[in-house]
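Overview (structure and organization)
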Amino acid sequence: MILAEGYWMQAKCRALNRPITRFGFFMIVMILSHTLGNPPLAASGFAMSDSLTCTIETSSTPAEIGKKISLSGLTTAAPQVVFENHVRSSMVKLFESEQTLVIQLVAAISGSIDTLVIDKRTGRFAHAAAGSFLEVHAVAETGSCRPE
């Protein structure tokens, strides 16, 4: 079978139009821009604590900018998160080092995920959420945390 010239380019373009692929590229761009851009410190003298209040500063969903995420029990194996819409959930600590803390929740009903990556030295955080509750959704956000 002989394929027309440019066939592979057409297939590649179709692949890039898939929503989850676009979200993946968006996440890579957001992470790289903050990693390479030397983000500002969240607050001078930030000290990691068991409870943090995190404010969203940039988001792929503009309505989320300025909203807060409250975290507690960060020194335990099962931290708690409370979103501004009063949704409360337990999270699992996936990774922790002297520099980084990664926590995640997987919704029991929908399988949706929320993952938070916190820089323990500066208080900066990244939040990614994706799932299908009512409709397929994805959001990527960054911001800063302060101790409660």
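To be clear, the structure that these remarks concern was listed above.
Now for a quick tour of the structure. (Residues numbered from 1 in each chain as written. Predicted model: local features only at pLDDT ≥ 70, side-chain atom pairs only at ≥ 80, totals over all residues. Heavy atoms only, no water.)

**Looking at the nonpolar core**
Formed by 17 residues in total, the largest nonpolar core has its most connected members in Ile69, Leu71 and Phe125. For this core, the elements supplying multiple residues, two or more each, are β1 (52–59), β2 (68–72), β3 (80–83), β6 (100–106) and β7 (113–119). Excluding its chain neighbours within four sequence positions, the residues that come into contact with phenylalanine 125 are Cys54, Thr55, Ile56, Ile69, Leu116, Val117, Ile118, Glu141, Thr142, Gly143, Ser144 and Cys145. (Core = buried A, V, L, I, M, F, W, Y, C linked by side-chain atoms within 4.5 Å. Buried < 20%, exposed > 50% of the residue type's maximum accessible area, 1.4 Å probe, protein only. Helix = DSSP H or I, 4+ residues; strand = E, 2+ residues; numbered from the N terminus. Contact = heavy atoms within 4.5 Å.)

**Considering the state of the cysteines**
Scanning all chains against the criterion turns up one disulfide. Between cysteine 54 and cysteine 145 runs a disulfide, and the two sulfur atoms are separated by 2.0 Å. Measuring the twist about the S-S bond at about 100°, one finds the cysteine 54-cysteine 145 disulfide to be right-handed. Highlighted residues: cysteine 54 in strand β1 and cysteine 145 in strand β9 (residues 135–147), separated in sequence by 91 residues. By relative accessible area, cysteine 145 is classed as buried at 2%. (Disulfide = S-S within 2.5 Å.)

**Observations regarding the pairing of β3**
Burial along β3 is one-sided: Val81 and Phe83 are buried, and none of Gln80 and Val82, which face the opposite way, are. Here β2 pairs with β3 via four bridges, running antiparallel. Paired with serine 72 across the bridge in β3 is glutamine 80. Pairing geometry for β3 and strand β4 (residues 88–90), over three bridges, is antiparallel. Of the residues in β4, the one forming a bridge with valine 81 is serine 89. (Pairing = 2+ DSSP bridges.)

**Brief notes about the sheet that holds β6**
Taken together, the nine strands give an open sheet; going across it, the order is β4-β3-β2-β1-β9-β8-β7-β6-β5, and neighbouring strands pair in antiparallel fashion. Every other strand in the sheet has two partners, leaving β4 and β5 (92–96) as the edge strands with one partner each. Between one strand axis and the next, the sheet turns by 25° as a mean value, whatever way the strands run. Examined bridge by bridge, β5 and β6 share four bridges and lie antiparallel to one another. Bridge pairing in β6 links glutamate 96 to leucine 101. (Axes fitted to C-alpha atoms, helices over the stretch in contact; angles between N-to-C directions.)

**Quick word on the pattern of salt bridges**
Evaluation of the coordinates by the stated rule reveals five salt bridges. Taking the shortest distance from any N to any O, the salt bridge between glutamate 57 and arginine 124 comes out at 2.6 Å. Of the two residues, glutamate 57 sits in strand β1 while arginine 124 sits in strand β8 (residues 124–133), which places them 67 residues apart along the sequence. Between lysine 93 and glutamate 96 there is a salt bridge, with the nearest N and O atoms lying 3.1 Å from each other. Accessibility expressed as a relative area gives 21% for lysine 93, which makes it partly exposed. (Salt bridge = Lys/Arg side-chain N within 4 Å of Asp/Glu carboxyl O.)

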